[in-house]
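Commentary on secondary and tertiary structure
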Amino acid sequence: MTMQERTLAGRVVAVTGASKGIGWAVVEALTARGAQVVAGARDVSGLSRTGAAFYPLDVTDEASVGAFAEAAVQAGVDALVNNAGVGSFQPVEEITLEEYRRVMDTNVLGTLLVTRALIPHFRERHARGEGSQVVNVTSDVSARTFATGALYTASKYAQRAVTQALAAEGQGYGLRVTEIRPGMVDTFFAGSVQGEAHKAAWLRPADVADAVVYALTAPTHARVDEVLLHPVVQEVAF
Ligand code: NJP
(Lines give C-alpha, C1' and ligand atoms only; values in the text may rest on other atoms or scores of the structure.)
Protein backbone atom coordinates (compact mmCIF):
# COMPACT_ATOMS: atom_id res chain seq x y z
CA MET A 1 0.00 0.00 0.00
CA THR A 2 1.47 3.40 -0.95
CA MET A 3 0.98 6.43 1.30
CA GLN A 4 -1.54 7.83 -1.22
CA GLU A 5 -3.68 4.68 -0.88
CA ARG A 6 -3.80 4.95 2.89
CA THR A 7 -7.26 6.43 3.26
CA LEU A 8 -8.64 7.70 6.54
CA ALA A 9 -12.17 8.27 5.26
CA GLY A 10 -14.67 7.77 8.04
CA ARG A 11 -12.07 8.19 10.78
CA VAL A 12 -12.26 10.89 13.45
CA VAL A 13 -8.93 11.88 14.97
CA ALA A 14 -8.17 14.29 17.83
CA VAL A 15 -4.81 16.06 17.50
CA THR A 16 -3.13 18.15 20.21
CA GLY A 17 -0.56 20.84 19.48
CA ALA A 18 -2.27 21.18 16.12
CA SER A 19 -1.59 24.85 15.39
CA LYS A 20 1.89 24.63 13.89
CA GLY A 21 4.93 22.44 13.30
CA ILE A 22 4.34 18.69 13.34
CA GLY A 23 0.77 19.02 14.62
CA TRP A 24 -0.28 21.23 11.73
CA ALA A 25 1.32 18.81 9.26
CA VAL A 26 -0.62 15.98 10.91
CA VAL A 27 -3.85 17.96 10.47
CA GLU A 28 -3.00 18.47 6.78
CA ALA A 29 -2.09 14.81 6.21
CA LEU A 30 -5.13 13.40 8.00
CA THR A 31 -7.69 15.71 6.38
CA ALA A 32 -6.09 15.13 2.96
CA ARG A 33 -6.84 11.41 3.44
CA GLY A 34 -10.46 12.02 4.39
CA ALA A 35 -10.31 12.02 8.19
CA GLN A 36 -12.34 14.40 10.29
CA VAL A 37 -9.94 16.11 12.70
CA VAL A 38 -10.65 17.64 16.10
CA ALA A 39 -7.65 19.92 16.52
CA GLY A 40 -6.46 21.71 19.64
CA ALA A 41 -3.78 24.17 20.73
CA ARG A 42 -3.69 27.16 23.07
CA ASP A 43 -3.81 29.68 20.21
CA VAL A 44 -6.01 28.55 17.33
CA SER A 45 -6.99 32.02 16.16
CA GLY A 46 -7.19 32.32 12.39
CA LEU A 47 -6.76 28.59 11.75
CA SER A 48 -9.05 26.79 9.35
CA ARG A 49 -8.84 23.72 7.18
CA THR A 50 -11.57 21.72 5.43
CA GLY A 51 -12.22 18.61 7.50
CA ALA A 52 -10.80 20.08 10.71
CA ALA A 53 -12.47 21.83 13.65
CA PHE A 54 -10.18 23.88 15.88
CA TYR A 55 -10.62 24.25 19.64
CA PRO A 56 -8.59 26.21 22.17
CA LEU A 57 -6.79 23.61 24.28
CA ASP A 58 -4.24 23.84 27.06
CA VAL A 59 -3.21 20.25 27.74
CA THR A 60 -2.00 21.22 31.23
CA ASP A 61 -5.45 22.46 32.27
CA GLU A 62 -7.97 19.83 33.32
CA ALA A 63 -11.04 21.94 32.46
CA SER A 64 -9.67 22.83 29.04
CA VAL A 65 -8.86 19.18 28.36
CA GLY A 66 -12.37 18.21 29.49
CA ALA A 67 -13.99 20.58 26.99
CA PHE A 68 -11.73 19.36 24.18
CA ALA A 69 -12.43 15.72 24.99
CA GLU A 70 -16.16 16.39 25.04
CA ALA A 71 -15.96 17.90 21.54
CA ALA A 72 -13.92 14.91 20.37
CA VAL A 73 -16.39 12.41 21.84
CA GLN A 74 -19.32 14.30 20.27
CA ALA A 75 -17.54 13.99 16.93
CA GLY A 76 -17.12 10.23 17.46
CA VAL A 77 -13.35 10.21 17.92
CA ASP A 78 -11.60 6.88 17.26
CA ALA A 79 -7.98 8.01 17.55
CA LEU A 80 -5.94 10.51 19.56
CA VAL A 81 -2.61 12.01 18.53
CA ASN A 82 -0.80 13.43 21.59
CA ASN A 83 1.59 15.79 19.87
CA ALA A 84 1.58 18.96 22.01
CA GLY A 85 4.99 19.44 23.55
CA VAL A 86 7.69 21.94 24.43
CA GLY A 87 11.48 21.79 24.33
CA SER A 88 13.88 23.27 26.86
CA PHE A 89 17.63 22.71 27.01
CA GLN A 90 20.02 23.78 29.75
CA PRO A 91 22.53 22.23 32.16
CA VAL A 92 21.12 20.69 35.33
CA GLU A 93 22.42 23.57 37.45
CA GLU A 94 20.25 26.02 35.47
CA ILE A 95 16.92 24.20 35.57
CA THR A 96 14.39 26.34 37.43
CA LEU A 97 11.33 25.07 39.22
CA GLU A 98 9.16 27.11 36.87
CA GLU A 99 10.76 25.60 33.76
CA TYR A 100 10.59 22.10 35.25
CA ARG A 101 6.85 22.50 35.77
CA ARG A 102 6.26 23.98 32.30
CA VAL A 103 8.05 21.15 30.51
CA MET A 104 6.85 18.26 32.66
CA ASP A 105 3.28 19.57 32.79
CA THR A 106 3.05 19.99 29.02
CA ASN A 107 4.84 16.84 27.91
CA VAL A 108 3.88 14.37 30.64
CA LEU A 109 0.80 15.62 32.49
CA GLY A 110 -0.67 16.85 29.19
CA THR A 111 -0.37 13.42 27.62
CA LEU A 112 -1.90 11.82 30.72
CA LEU A 113 -4.82 14.25 31.00
CA VAL A 114 -5.91 14.15 27.36
CA THR A 115 -5.56 10.37 27.15
CA ARG A 116 -7.35 9.79 30.45
CA ALA A 117 -10.24 11.97 29.32
CA LEU A 118 -10.87 9.77 26.27
CA ILE A 119 -10.40 6.31 27.79
CA PRO A 120 -14.04 5.91 28.94
CA HIS A 121 -15.10 6.62 25.33
CA PHE A 122 -12.54 4.17 23.97
CA ARG A 123 -13.84 1.55 26.41
CA GLU A 124 -17.40 2.17 25.18
CA ARG A 125 -16.20 1.74 21.61
CA HIS A 126 -14.60 -1.57 22.59
CA ALA A 127 -17.90 -2.71 24.15
CA ARG A 128 -19.48 -2.05 20.73
CA GLY A 129 -16.76 -4.07 19.02
CA GLU A 130 -14.82 -1.03 17.79
CA GLY A 131 -11.10 -0.47 18.28
CA SER A 132 -9.34 2.83 18.98
CA GLN A 133 -5.83 4.21 18.67
CA VAL A 134 -3.48 6.54 20.50
CA VAL A 135 -0.38 7.90 18.78
CA ASN A 136 2.11 9.73 20.99
CA VAL A 137 4.71 11.98 19.37
CA THR A 138 7.56 11.71 21.86
CA SER A 139 11.15 12.05 20.65
CA ASP A 140 14.20 10.18 19.41
CA VAL A 141 15.55 11.12 22.86
CA SER A 142 12.77 9.35 24.76
CA ALA A 143 15.30 6.61 25.52
CA ARG A 144 18.72 8.29 25.51
CA THR A 145 20.06 11.58 26.81
CA PHE A 146 22.85 14.14 26.46
CA ALA A 147 24.34 17.24 28.13
CA THR A 148 21.67 19.98 28.50
CA GLY A 149 18.98 17.35 27.90
CA ALA A 150 18.10 16.51 31.51
CA LEU A 151 14.75 18.24 31.71
CA TYR A 152 13.55 17.59 28.17
CA THR A 153 14.61 13.96 28.09
CA ALA A 154 13.24 13.35 31.59
CA SER A 155 9.89 14.48 30.22
CA LYS A 156 10.22 12.33 27.11
CA TYR A 157 11.40 9.21 28.99
CA ALA A 158 8.33 9.72 31.18
CA GLN A 159 6.06 10.19 28.18
CA ARG A 160 7.49 6.97 26.74
CA ALA A 161 6.74 5.16 30.00
CA VAL A 162 3.16 6.44 29.95
CA THR A 163 2.89 5.32 26.31
CA GLN A 164 4.13 1.81 27.03
CA ALA A 165 1.98 1.33 30.14
CA LEU A 166 -1.05 2.57 28.20
CA ALA A 167 -0.27 0.08 25.43
CA ALA A 168 -0.28 -2.76 27.96
CA GLU A 169 -3.50 -1.60 29.62
CA GLY A 170 -5.20 -0.71 26.35
CA GLN A 171 -4.76 -4.19 24.94
CA GLY A 172 -7.66 -5.14 27.20
CA TYR A 173 -10.02 -2.64 25.59
CA GLY A 174 -9.10 -2.70 21.93
CA LEU A 175 -6.68 0.22 22.07
CA ARG A 176 -3.61 0.16 19.84
CA VAL A 177 -0.86 2.54 20.98
CA THR A 178 2.03 3.88 18.92
CA GLU A 179 5.07 5.92 19.93
CA ILE A 180 6.49 8.15 17.17
CA ARG A 181 10.08 9.17 17.94
CA PRO A 182 11.25 11.93 15.57
CA GLY A 183 14.77 13.29 15.55
CA MET A 184 15.45 16.87 14.44
CA VAL A 185 12.42 18.37 12.68
CA ASP A 186 12.20 21.87 11.19
CA THR A 187 9.39 23.42 13.26
CA PHE A 188 8.97 26.19 15.84
CA PHE A 189 10.28 23.82 18.53
CA ALA A 190 12.09 25.30 21.58
CA GLY A 191 11.65 28.86 20.38
CA SER A 192 13.14 28.26 16.91
CA VAL A 193 11.64 29.44 13.63
CA GLN A 194 10.48 27.10 10.88
CA GLY A 195 12.49 27.46 7.67
CA GLU A 196 15.78 28.62 9.20
CA ALA A 197 18.69 27.85 6.84
CA HIS A 198 20.59 25.61 9.28
CA LYS A 199 17.60 23.27 9.46
CA ALA A 200 17.35 22.70 5.70
CA ALA A 201 18.46 19.05 5.91
CA TRP A 202 16.34 18.20 8.96
CA LEU A 203 13.10 16.21 8.79
CA ARG A 204 10.10 18.11 7.51
CA PRO A 205 6.93 18.11 9.64
CA ALA A 206 5.26 16.16 6.80
CA ASP A 207 7.78 13.33 7.29
CA VAL A 208 6.53 12.87 10.84
CA ALA A 209 2.92 13.24 9.73
CA ASP A 210 3.53 10.35 7.29
CA ALA A 211 4.55 8.18 10.24
CA VAL A 212 1.33 9.11 12.03
CA VAL A 213 -0.65 8.17 8.90
CA TYR A 214 1.24 4.87 8.73
CA ALA A 215 0.27 4.04 12.31
CA LEU A 216 -3.36 5.08 11.89
CA THR A 217 -3.82 3.14 8.65
CA ALA A 218 -2.15 -0.09 9.79
CA PRO A 219 -4.50 -3.04 9.25
CA THR A 220 -6.59 -3.76 12.33
CA HIS A 221 -4.69 -6.99 13.02
CA ALA A 222 -1.40 -5.02 13.25
CA ARG A 223 -0.14 -2.70 15.97
CA VAL A 224 2.68 -0.26 15.19
CA ASP A 225 4.38 -0.06 18.59
CA GLU A 226 7.11 2.42 17.73
CA VAL A 227 8.54 4.45 14.85
CA LEU A 228 12.03 6.00 15.23
CA LEU A 229 12.98 8.36 12.41
CA HIS A 230 15.91 10.72 11.88
CA PRO A 231 17.19 13.00 9.16
CA VAL A 232 20.21 11.34 7.56
CA VAL A 233 22.43 14.21 8.75
CA GLN A 234 21.79 13.22 12.37
CA GLU A 235 24.09 10.76 14.11
CA VAL A 236 22.98 7.14 14.12
CA ALA A 237 21.55 6.46 17.57
CA PHE A 238 18.74 4.40 19.04
O1 NJP B 1 6.94 22.08 17.99
P2 NJP B 1 6.18 23.47 17.68
P3 NJP B 1 6.95 20.68 17.21
N4 NJP B 1 -1.45 22.89 25.27
O5 NJP B 1 6.66 24.39 18.74
C6 NJP B 1 1.34 23.30 21.03
C7 NJP B 1 8.24 16.69 19.56
N8 NJP B 1 9.58 16.72 18.97
O9 NJP B 1 5.92 20.61 16.18
O10 NJP B 1 -0.41 25.93 22.37
C11 NJP B 1 -1.76 22.65 23.99
O12 NJP B 1 6.34 23.85 16.24
C13 NJP B 1 1.69 24.56 20.26
O14 NJP B 1 0.60 25.46 20.13
P15 NJP B 1 0.26 26.64 21.22
C16 NJP B 1 8.01 17.75 20.61
O17 NJP B 1 8.53 17.39 21.86
C18 NJP B 1 9.97 17.72 18.14
O19 NJP B 1 8.35 20.40 16.83
O20 NJP B 1 -0.66 27.58 20.52
N21 NJP B 1 -0.92 22.78 22.98
C22 NJP B 1 2.02 23.99 18.89
O23 NJP B 1 0.84 23.72 18.16
C24 NJP B 1 6.49 17.82 20.61
O25 NJP B 1 5.94 16.84 21.49
C26 NJP B 1 11.28 17.73 17.63
O27 NJP B 1 1.59 27.23 21.62
C28 NJP B 1 0.34 23.17 23.27
C29 NJP B 1 2.70 22.67 19.23
O30 NJP B 1 2.28 22.31 20.56
C31 NJP B 1 6.10 17.48 19.19
O32 NJP B 1 7.27 16.95 18.56
C33 NJP B 1 12.17 16.72 17.97
C34 NJP B 1 0.76 23.43 24.58
C35 NJP B 1 4.21 22.77 19.21
O36 NJP B 1 4.62 23.11 17.93
C37 NJP B 1 5.63 18.67 18.37
O38 NJP B 1 6.60 19.71 18.43
C39 NJP B 1 11.75 15.73 18.83
C40 NJP B 1 -0.21 23.29 25.60
N41 NJP B 1 0.09 23.53 26.89
C42 NJP B 1 10.45 15.73 19.31
N43 NJP B 1 2.07 23.81 24.55
C44 NJP B 1 11.79 18.78 16.71
N45 NJP B 1 10.96 19.72 16.25
O46 NJP B 1 13.00 18.77 16.37
C47 NJP B 1 2.43 23.78 23.26
O48 NJP B 1 12.63 14.79 19.17
N49 NJP B 1 1.39 23.42 22.48
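A brief structural summary. Numbers given for residues are sequential positions, taken from 1 along each chain in its written order. Local features in a predicted model are, by the rule used here, given only for residues with pLDDT of at least 70; side-chain atom pairs are given and counted only at 80 or more, and totals for whole chains, interfaces and linings are based on all residues. Excluded from the side-chain calculation are hydrogens and water; included are all heavy atoms of the structure.

Structural notes on the pattern of salt bridges
Salt bridge criterion: a side-chain nitrogen from Lys or Arg within 4 Å of a carboxyl oxygen from Asp or Glu. Here the structure, examined in full by the defined rule, presents 12 salt bridges. With its nearest N and O atoms 2.7 Å apart, the salt bridge here joins E62 to R116. Of this pair, E62 sits in helix α2 (residues 62-74) while R116 sits in helix α3 (residues 97-127), placing them 54 residues apart in sequence. Each residue is placed in one exposure class: buried if its accessible area under a 1.4 Å probe, protein chains only, is under 20% of its type's maximum, exposed if it is over 50%, and partly exposed if it falls in between. Under the relative-accessibility criterion, R116 is labelled partly exposed at 49%. With its nearest N and O atoms 2.5 Å apart, the salt bridge here joins R223 to D225. You can call D225 partly exposed: its relative accessible area is 42%. Here the salt bridges share partners, and the residues they tie into one network are R160, E179, R181 and E226. In this description a helix means any DSSP run of H or I spanning at least four residues, a strand means any run of E spanning at least two, and both kinds are numbered starting from the N terminus.

Considerations on the packing of aromatic side chains
Here a Phe, Tyr or Trp ring, Trp counted by its six-membered ring, pairs with any other such ring whose centre lies within 6.5 Å, and the pair is stacked when the planes are under 30 degrees apart, edge-to-face when over 60, and tilted otherwise. Counted by the stated rule, this structure contains six aromatic pairs. With a centroid separation of 6.5 Å and an interplanar angle of 75°, the aromatic rings of Y55 and F68 are classed as edge-to-face. Here Y55, found in strand β3 (residues 52-56), pairs with F68, found in helix α2; they are 13 residues apart in sequence, far enough to count as distant. For F68, a relative accessible area of 2% corresponds to the buried category. For the pair F89 and Y152, a centre-to-centre distance of 5.0 Å together with 55° between the ring planes defines the contact as tilted. Of the two residues, F89 sits in the loop between β4 (79-82) and α3 while Y152 sits in helix α4 (residues 150-170), which places them 63 residues apart along the sequence. When its relative accessible area of 6% is taken as the criterion, Y152 is described as buried.

Overview of the environment of V162
For V162, the location among the structural elements is in helix α4. Spatially, the C-alpha atom of V162 lies 19 Å from that of D58, the residues being 104 residues apart in sequence. The contact criterion used is simple: two residues touch if any of their non-hydrogen atoms lie within 4.5 Å. Apart from residues lying up to four places away in sequence, V162 is in contact with T111 and L112.

Considerations on α4
The end-to-end C-alpha separation of α4 is 29 Å, in line with the 30 Å expected for 21 residues at 1.5 Å each. Those residues of α4 that are buried are in contact with α3, β5 (132-137), β6 (175-182) and β7 (226-229). In this scheme, a helix's expected span is set at 1.5 Å multiplied by one less than its residue total.

Observations concerning the nonpolar core
Counting residues in hydrophobic clusters, the biggest one holds 35 residues, and the most contacted among them are V13, V15, L30, V37, V81, I180 and L216. Those elements that place two or more of their residues in this core are β1 (12-16), α1 (21-32), β2 (36-41), β3, β4, β5, α5 (205-216) and β7. Sorting elements by how many residues they give to this core places α5 first, with seven residues. Excluding anything up to four places from it in sequence, V81 contacts V13, A14, V15, T16, V135, V137, V212 and L216. Side-chain atoms within 4.5 Å are what join buried Ala, Val, Leu, Ile, Met, Phe, Trp, Tyr and Cys residues into a set we call a nonpolar core. Formed by 22 residues, the second largest nonpolar core is a distinct cluster that contains V38, V65, A72 and L118.

What to know about the pairing of β1
Side chains on a regular strand alternate between the two faces of the sheet. Of all five residues that make up β1, five are buried, and the element is covered over most of its length. As judged from the five bridges shared by β1 and β2, these two strands associate in the parallel manner. Of the residues in β2, the one forming a bridge with V15 is A39. Look down the strands so they point away from you; if the path from the first strand over the helix to the second goes clockwise, the crossover is right-handed. Handedness of the β1-α1-β2 crossover: right-handed. Only strands joined by at least two bridges in the DSSP assignment are considered to pair. Direction of pairing for β1 relative to β4: parallel, over a ladder of three bridges. Counted as the bridge partner of V15 is V81 from β4.

Side note on the sheet that holds β3
Working definition: the strands of a sheet are paired by backbone hydrogen bonds and lie parallel or antiparallel to each other. Strand order in the open sheet formed by seven strands is β3-β2-β1-β4-β5-β6-β7, with parallel pairing between adjacent strands. Where the open sheet ends on each side, the last strands, each with one partner, are β3 and β7. Here the average twist between neighbouring strands, direction ignored, is 15°. Sheet topology note: the β5/β6 ladder contains six bridges and is parallel. Pairing of V134 across the sheet is with V177, part of β6. Only C-alpha atoms enter the line fits that serve as axes; for helices the fit covers just the stretch in contact. Angles between N-to-C directions range over 0 to 180 degrees. The sheet strands contacting α3 are β1, β4, β5 and β6, and the helix crosses β4 at an angle near 170°.

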